[in-house]
Amino acid sequence: MPAMYRRCLVAVCVSALLVANDAFQPPTSPGGVFSACRGRLSPISPLQRRAPLVAPPRPAGMGPRMSSDPAGEKYVEKAKPVLDMVNYPADMKRLSMEQLKQLAYELRWEVIESVSKTGGHLSSSLGVTELTVALHYVFNAPEDKIVWDVAHQAYPHKMLTGRRDRFDTLRQWGGLSGFTKRKESEYDCFGAGHSSTSISAALGMSVGKSLLGKSVNNCVAVIGDGAITGGMAYEAMNCAGYLKQRLIVILNENGQVSLPTGTPSAAGIIPAGALSGSTSQLLSSRQFMDARSVAKSIANLLPSDLQKIASKVDEFGRGFLSGDEGAVLFEELGLYYVGPIDGHDMENLVPILQNLRDSDNQKPVLLHVKTEKGYGYPPALKAPDRMHGVGQFDIPTGVQKKAKGGPPTYTKIFADTLSELASKDPAVVAITAAMPGGTGLDVFGKRFPKRTFDVGIAEQHAVTFAAGMAVEGLKPFCAIYSTFLQRGYDQVVHDCVIQSLPVRFMIDRAGLVGNDGPTHHGCHDLAYLGTLPNIVIMAPADEIEMMRMIKTSYEIEDKPSAVRYARGSGYGAEGLNKLFGYTLDKMPTPAEVSSLPIGVGRIIRKAAPDAKHKVAILSIGNRLAEACRAARMLQREAPEIGVTVADARFMKPLDEDLISSLAEEHEVLITIEEGSIGGFGDHVNHYLTNSGKMDSGKCRLRMMVVPDMFIEAGGQGQQYEFAGLQAKHIAAQVLKALGRNREALGLLSSHDLVGAGKPTVA
């Protein structure tokens, strides 16, 4: 290389670094250790774990107090003078830095107070309170777009955007959604509930602003270190870098990737996808960004070999200044990396966000922010899942109000049954996508950590990963919520069903799920799985059936299988005896039940042989109890109607003999399911029509499904009432099918309408 070029290169790079250094001169502290956060830049390795953040002291005389002694004084709500002045983000613009800090403090406690009464996602909102205040102070929403990934952390955002006075309705029937929702507020620019979507959405908005020629283009995606484990986030970052499109991505790292974090698994207890790094404000200063841009522009005029050297010098300069190693991945994707920074330091957050807002740089930027989930509320910081999702709770202690004891949940039954199978067969393994607690695999993981695999928020990977295990002769159980399995549908089809690999899908939260609302309902799995050949699909009506179906799935070796089950609890021995005619002294254990013959349903009760009219109710899944109640209701209201109740058990394969006999022996056949149009009822209709069983016209078929709409948040009972899937609705459907419309209306009108009275918290 010519000496002249070398001297030119060194001069350019040194000048750039000097300009950057002059732009920000942090004072040194004793021992020579300094940090860009509050004037000190630490040379400590970015791979070292940061000490837990400590909440700042409460300003004297301001905000609420919390008793540390459960037997001490009661929690007292205090006035919130700064928060009371803020109804919308515009009200924040003239606040001083001290007022912004006070606003964040008061906002945090407003969230705690509100969620203690309604339940909801608590700790994620507490962790982003300062970040939320800073974002709305710096940016001009709703014109500037702020997209919250998942959006369970958006409670402070909602309170600052005109919805504080409605927080007593949070996640309740007719109330505020627990996630961002476009039709709820213009400040919710993009709805959420599932993960890893924010960067794609914000990038699309940014491109839209550019193509429409808008003079201001500020689009911000806020994504957590859990959501960024989803592949869609990396696809979006790769596209943003390729397009060189202006975009701000804020990575909120709180170390809570899976719920609960710390579940024993094959990888230990470290959550999948956890990130690490060091803190640096210097890289975010406008002067430094401009200096680097100039250095790169000049470098582009040099011969190619000098460009490579200039790039290395630039990387060295950044590494020297920040100790930054976490930037490599994001910069390889084309994003300019800034951080990490303390996400609870308002004095640091605001100027950094202002720098990013005001920069003329059009390259996408990733700001890495470190926060503490549950920050500022000691009970949340002590909880293993940091009180991620809570019911009503006592503020001084954080103790949640427990429901009355009862039978175990279907989730617990799954965990216990799978553990029993695994105790006898070392080939049994379990996979989940960042939900070990929600799926019951935290229980399984404690007994079999080496056979528990939490892959992070990566459902596509989870499905194909399980398929690969099946290739080697393992018996994988892939436990994923119904709503989240939608994200891995192509892998179910391509990697499992087509290849006849015996992956066992345990589909939790099937049907309507309550307060999380339409983004979390599991109404579509029967429809989207039912279109596939070569798969066994089962749905238990009670806890004994649940255990038997898990064992049936375990025994299927030549194709995939699925067991879909509802959110909630079973009935217990006494309830099963009353509802379904069991004769139990006590509940059997998983070891005491057997598997089922595939494709064989069961009759729960038969219509009286001498009944004037005979009708049949064919249920699949958790509506069987309501079908039995409807039969008893009809027996009281119209004793001349004989009612047969049957449990299909299987959607694939259908019990064609059972269905044929029901159609041939009854005037009316009602199918009922906790699923959408296109599911079980449509399969029954397809079989009966094509087989000619309906040609005589002797039997009238009616299908009861979740209505063709998205049902909003509320209690599960309210949602099923609204959906028309309770006992009275089934009985009324029978009466209408028999042409007795007046009686059907009378039966329905004798009960309260949905939503009457104060909504319950599920």
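**Q** Explanation requested: the overall build of the chain in the structure shown.
**A** Looking only at helices and strands, one finds 28 helices and 19 strands in the chain. When each of the 762 residues of the chain is scored for burial, the buried share is 57%. Considering only intrachain contacts with a sequence separation of at least 6, the fraction spanning at least 24 residues in the chain is 76%. Total accessible area on the chain stands at roughly 31,300 Å², and carbon and sulfur atoms take up 55% of it.

**Q** Is there a simple way to explain the packing of aromatic side chains in this structure?
**A** A ring pair, where both rings are aromatic, is described by two values, the distance of the centres and the angle of the planes. Tallied over the full model, the rule gives 13 aromatic pairs. Here Tyr571 and Phe580 contribute two aromatic rings whose centre-to-centre distance is 5.7 Å and whose plane-to-plane angle is 85°, an arrangement assigned as edge-to-face. On the basis of relative accessibility, which here comes to 8%, the residue Phe580 falls in the buried class. Within the aromatic cluster, the residues linked to one another by ring pairs are Tyr75, Trp109, Tyr377 and Phe393. For the cation-ring pair, Arg602 lies above Phe580, with the distance from its terminal atom to the ring centre recorded as 6.0 Å. The aromatic ring of Tyr720 is capped on one face by Arg623, whose charged end is 3.9 Å from the ring centroid.

**Q** Just to check I follow, could you spell out the sheet that holds strand S9 (residues 452–454) for this structure?
**A** Adjacent strands of a sheet form backbone hydrogen bonds with each other and so pair up, either parallel or antiparallel. Across the sheet, which stays open at both edges, the 7 strands sit in the order S9-S8-S10-S11-S13-S12-S17 with mixed pairing between neighbours. Strand pairing shows two members of the sheet lacking a second neighbour, S9 and strand S17 (650–652), which therefore form its edges. With direction set aside, neighbouring strand axes in the sheet form an average angle of 20°. Relative to strand S13 (residues 561–566), strand S11 (residues 504–510) runs parallel, the two sharing 5 bridges. Considered in S13, the bridge of Ala510 is made with Ala566. On the sheet, helix H17 (residues 459–471) packs against strand S8 (428–432), S9, strand S10 (475–481) and S11 and is oriented at approximately 165° with respect to S10.

**Q** Could you clarify how one ought to interpret the nonpolar core in this entry?
**A** The tendency in soluble globular proteins is for nonpolar side chains to be buried as a group. Phe414, Phe477 and Phe580 are the most contacted members of the largest nonpolar core, which has 71 residues in total. Element by element, the count of residues in this core is highest for helix H23 (residues 624–637), at 8 residues. In contact with Phe477, not counting residues within four places along its chain, are Phe414, Leu418, Leu421, Val428, Val429, Ala430, Ile431, Arg504, Met506, Ile550 and Tyr554. Ranked by size, the runner-up nonpolar core spans 62 residues in total, among them Leu103, Phe167, Val220 and Val222.

**Q** What is the right way to read the pattern of salt bridges from this model?
**A** Side chains that differ in sign of charge can pair as their charged atoms come close. Throughout the structure, instances matching the rule amount to 38 salt bridges. When the shortest N-O distance is used, the salt bridge between Arg700 and Glu667 registers 3.6 Å. Separated by 33 residues along the polypeptide, Arg700 in strand S19 (residues 700–704) and Glu667 in the loop between helix H24 (656–665) and strand S18 (668–672) bring together distant segments of the chain. Of the residues examined, Arg700 reaches a relative accessible area of 31% and is grouped as partly exposed. A cluster of three or more residues bridged by salt bridges with shared partners is formed by Lys80, Asp84, Glu110, Glu113 and Arg164.

**Q** Before we go on, may I ask you to explain the sheet that holds strand S4 (residues 248–253) in this structure?
**A** The strand order across the open sheet built from 5 strands is S2-S3-S4-S6-S5, with neighbouring strands paired in parallel fashion. The open sheet has two free edges, formed respectively by strand S2 (145–148) and strand S5 (336–342), since each of these has just one partner strand. Strand-to-strand twist of the sheet, defined as the mean angle between neighbouring strand axes without regard to direction, takes the value 20°. As judged from the 4 bridges shared by S2 and strand S3 (residues 219–224), these two strands associate in the parallel manner. By the bridge assignment for S3, Ile146 is matched with Val220. The strands touched by helix H5 (residues 129–138) are S2, S3 and S4; relative to S2, the strand with the most contacts, the crossing angle is about 160°.

**Q** What should I look at first to understand unusual backbone geometry in this one?
**A** Omega for the bond connecting Ala141 with Pro142 falls within 30 degrees of zero, at 10°, which places this linkage in the cis form. Note that Pro142 resides in the loop between H5 and S2. Residues Lys652 and Pro653 are joined by a peptide bond in cis, for which omega reads -5°. Positive phi is not limited to glycine here, since Asn534 has a value of about 65°. As for its position among the elements, Asn534 is in the loop between helix H20 (525–530) and strand S12 (536–538). For Asn534, a relative accessible area of 29% translates into the label partly exposed.

**Q** What exactly am I supposed to notice about the packing of H5 against helix H6 (residues 155–163) here?
**A** For any two helices packed against each other, the geometry is given by the interaxial angle and the distance between the axes. Direction vectors running N to C along H5 and H6 enclose 40°, while the axes themselves pass 9 Å from each other. At the point where H5 passes H6, the crossing takes the right-handed sense. Counting all contacts with H5, which are made through Thr129, Thr132, Val133 and His136, the residues of H6 involved are Pro156, His157, Leu160 and Thr161. Class assignment of the residues belonging to the contact of H5 with H6 gives a composition of 3 nonpolar, 5 polar and no charged.

**Q** Would you explain the packing of helix H3 (residues 97–118) against H6 in this entry?
**A** The N-to-C vectors of H3 and H6 enclose an angle of 110°; their axes lie 10 Å apart at closest approach. Judged on the interaxial angle alone, H6 and H3 are roughly perpendicular. The residues of H6 that touch H3, namely those facing Leu103, Leu107, Glu110, Val111, Ser114 and Val115, are Tyr155, Pro156, Met159 and Leu160. A breakdown of the residues in the contact of H3 with H6 according to their chemical character gives 8 nonpolar, 1 polar and 1 charged.

Rules behind the numbers
Residues numbered from 1 in each chain as written. Predicted model: local features only at pLDDT ≥ 70, side-chain atom pairs only at ≥ 80, totals over all residues. Heavy atoms only, no water. Helix = DSSP H or I, 4+ residues; strand = E, 2+ residues; numbered from the N terminus. Buried < 20%, exposed > 50% of the residue type's maximum accessible area, 1.4 Å probe, protein only. Contact = heavy atoms within 4.5 Å. Areas by Shrake-Rupley, 256 points an atom, 1.4 Å probe, with all protein chains shown as cover. Phe/Tyr/Trp six-rings, centres within 6.5 Å; stacked < 30°, edge-to-face > 60°. Lys NZ or Arg CZ within 6 Å of the ring centre and 35° of its normal. Pairing = 2+ DSSP bridges. Axes fitted to C-alpha atoms, helices over the stretch in contact; angles between N-to-C directions. Core = buried A, V, L, I, M, F, W, Y, C linked by side-chain atoms within 4.5 Å. Salt bridge = Lys/Arg side-chain N within 4 Å of Asp/Glu carboxyl O. Left-handed = near helix turned anticlockwise from the far one by under 90°. Nonpolar A, V, L, I, M, F, W, Y, C, P; charged D, E, K, R; others polar. Parallel < 35°, antiparallel > 145°, perpendicular 65-115°, else oblique.

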